[in-house]
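Chains, contacts and geometry: an overview
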Amino acid sequence: RMLESEFDKISRFSNLLQEASIGRNELSAEVLYLKKVVEDLSIKKAEVAAEVQLVSMERNELEVKLLFLNAAMKSKSTEKSILATQVQKISMEKDELNAEP
């Protein structure tokens, strides 16, 4: 009977060791999975950073184009003012010529 009791204790202890080993293996698998998730997130973070940089470069390029367009518009506006002044001067000269007897 005492031998049976000792055998039961050993059997229970063996079962506990097996459960602990299974639990340890499950935790190892979870750790590997989490490492993979972290690696995937790190890759995604790098991809997003590259996209942000690309968008920033495109924005800078658009801002430069806008500056050129603004400069061209100012140039055209200046040309228009010069032409308007010349038209007014010619109109005044025409009026003077018509006013002479």
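The text that follows walks through the structure, step by step, so that each part is easy to find. What you see is a predicted model, and the numbers here were worked out from it, not measured in a lab.

**Re the overall build of the protein**
Summing up its helical and strand segments, the protein has 1 helix and 0 strands in all. For 101 residues, the compact-globule formula gives about 13 Å, and the C-alpha radius of gyration of the protein, at 43 Å, lies well above that figure. In terms of its C-alpha atoms, the protein occupies a principal-axis envelope of roughly 150 × 15 × 5 Å. Counting every position in the protein, which comprises 101 residues, the buried fraction comes to 0%. For the protein, the exposed surface amounts to about 10,000 Å²; the carbon and sulfur share of it is 63%. Taking the average place of the 15 positive charges on the side chains of the protein and the average place of its 18 negative ones, the gap between the two points comes to 2 Å.

**Quick word on the pattern of salt bridges**
Pairing of side chains with opposite charge becomes possible as their charged atoms draw close. Tallied over the full model, the rule gives 6 salt bridges. In this structure, the salt-bridge partner of Glu-6 is Lys-9, at a minimum N-O distance of 3.7 Å. Of this pair, Glu-6 and Lys-9 are both found in helix H1 (residues 2-99), 3 residues apart, which corresponds to roughly one turn of the helix.

**Describing a negative patch on the surface**
Together, Glu-93, Asp-95, Glu-96 and Glu-100 line one region of the surface with negative charge. As for its placement among the helices and strands, Glu-93 is situated in helix H1.

Rules used throughout
Residues numbered from 1 in each chain as written. Predicted model: local features only at pLDDT ≥ 70, side-chain atom pairs only at ≥ 80, totals over all residues. Heavy atoms only, no water. Helix = DSSP H or I, 4+ residues; strand = E, 2+ residues; numbered from the N terminus. Rg over C-alpha atoms; globule rule 2.2 N^0.38 Å. Buried < 20%, exposed > 50% of the residue type's maximum accessible area, 1.4 Å probe, protein only. Areas by Shrake-Rupley, 256 points an atom, 1.4 Å probe, with all protein chains shown as cover. Lys, Arg positive; Asp, Glu negative; His and termini not counted. Charge placed at Lys NZ, Arg CZ, Asp CG, Glu CD. Salt bridge = Lys/Arg side-chain N within 4 Å of Asp/Glu carboxyl O. Patch = residues over 30% accessible without salt bridge, like charges linked within 9 Å, V, L, I, M, F, W, Y side chains within 5 Å.

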